[in-house]
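Structural features, examined
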Amino acid sequence: MTQATADPMDPRAIYCGGFGDYHRNEGHSEASITAYLGDLRDFLTICPKPLADIDDRDIDTAIKDWRSRGLAPKTISRRLAAVSSYYTYLQKTRKVKANPVDLASKPKIPKRLPKDIPTEAETEAMCNVPGLPGAVCRILYGTAARRTELADAKTADYDRDA
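My aim in this report is to walk through the structure given alongside it, one point at a time.

Rules used in this analysis
Residues numbered from 1 in each chain as written. Predicted model: local features only at pLDDT ≥ 70, side-chain atom pairs only at ≥ 80, totals over all residues. Heavy atoms only, no water. Helix = DSSP H or I, 4+ residues; strand = E, 2+ residues; numbered from the N terminus. Buried < 20%, exposed > 50% of the residue type's maximum accessible area, 1.4 Å probe, protein only. Contact = heavy atoms within 4.5 Å. Areas by Shrake-Rupley, 256 points an atom, 1.4 Å probe, with all protein chains shown as cover. Axes fitted to C-alpha atoms, helices over the stretch in contact; angles between N-to-C directions. Parallel < 35°, antiparallel > 145°, perpendicular 65-115°, else oblique. Nonpolar A, V, L, I, M, F, W, Y, C, P; charged D, E, K, R; others polar. Core = buried A, V, L, I, M, F, W, Y, C linked by side-chain atoms within 4.5 Å. Salt bridge = Lys/Arg side-chain N within 4 Å of Asp/Glu carboxyl O. Phe/Tyr/Trp six-rings, centres within 6.5 Å; stacked < 30°, edge-to-face > 60°.

So, about the overall build of the protein chain. The helix and strand inventory of the protein chain stands at 7 helices and 0 strands. The order of helices and strands in the protein chain, counted from the N terminus, is α-α-α-α-α-α-α. Relative to its 162 residues, the protein chain shows a buried fraction of 30%. By sequence separation, contacts in the protein chain at least 24 residues apart represent 54% of the contacts at least 6 residues apart. Put simply, the protein chain shows about 11200 Å² of open surface, and 55% of that area lies on carbon and sulfur atoms.

Structure (structure tokens):
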């Protein structure tokens, strides 16, 4: 795919500066802002159309371009987050009406299993912590339930015959 060179007088480049200021006002770190701006500039070179004309098909084209360069799904998701955030900024400043990322098909990020699974002895040690009933610990650990899920559970939620 041929990539255009960004023209510094292009309104899109001017909006990038405001986008950085927008994130500074939101309290984001300079490293995050720099990464977002880099991701955004890359997207704008892939898609040299006027901002208001960019749609979900253009987002899909960018995703294909990033995949062809060997970028990981997590990196592509971060780039999409930058573009989406940019369009949110443009919506707030009334430069565009819609966010094309909302309609695009986003890549699936594979979930990883935990690296360190406790041994049976470690599980027993966790369940024998003073002040924490062992049954509660065993339910949390055995079902992978969150603490709030257990706290919100009602007696009627349990099948006593199971």
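There's more to say after this.
Another aspect to go through is the packing of helix α2 (residues 30-46) against helix α4 (residues 73-92). Where α2 meets α4, the axes come as close as 9 Å, and the angle between the chain directions of the two elements is 85°. Comparing the axis directions of α2 and α4 gives the class roughly perpendicular. For the pair formed by α2 and α4, the contact residues are Y36, D39, L40, D42 and F43 on the first element and R78, R79, A81, A82, V83, S85 and Y86 on the second. Taken together, the residues of the contact of α2 with α4 sort by class into 7 nonpolar, 1 polar and 4 charged.

Next up on the list: the nonpolar core. Ranked by internal contacts, the top residues of the largest apolar core, which has 25 residues, are F43, L51, I59, Y86 and Y87. Breaking this core down by element, the ones donating at least two residues are α1 (11-25), α2, α3 (56-68) and α4. When residues in this core are grouped by element, the largest group, 7 residues, is from α4. Sequence-distant contacts of Y87, that is, excluding residues within four places in its chain, are made with L51, I54, V96, A98, N99 and P100.

Here we come to the environment of L90. Along the chain, the position of L90 falls in helix α4. Along the chain, L90 and L51 lie 39 residues apart, while their C-alpha atoms are 9.1 Å from each other.

This part is about the pattern of salt bridges. Tallying each qualifying case throughout the model produces 9 salt bridges. With a closest N to O distance of 3.0 Å, R24 and D21 form a salt bridge. Linking R24 with D21, this pair stays in helix α1, spanning 3 residues, or about one helical turn. Salt bridges sharing common partners tie together D39, D42, D65, R69, R78 and R79.

How two aromatic rings sit relative to each other is set out by the distance from centre to centre and by the angle between their planes. Enumeration according to the criterion identifies 6 aromatic pairs in this entry. Residues F19 and Y89 carry aromatic rings whose centres are separated by 6.0 Å and whose planes lie at 55° to one another, so their mutual orientation is tilted. Of this pair, F19 sits in helix α1 while Y89 is found in helix α4, placing the two residues 70 residues apart along the sequence. By relative accessible area, Y89 is classed as buried at 11%. Taken together, the aromatic side chains of F19, Y22, Y36, Y86, Y87 and Y89 make up a single cluster linked through ring pairs.

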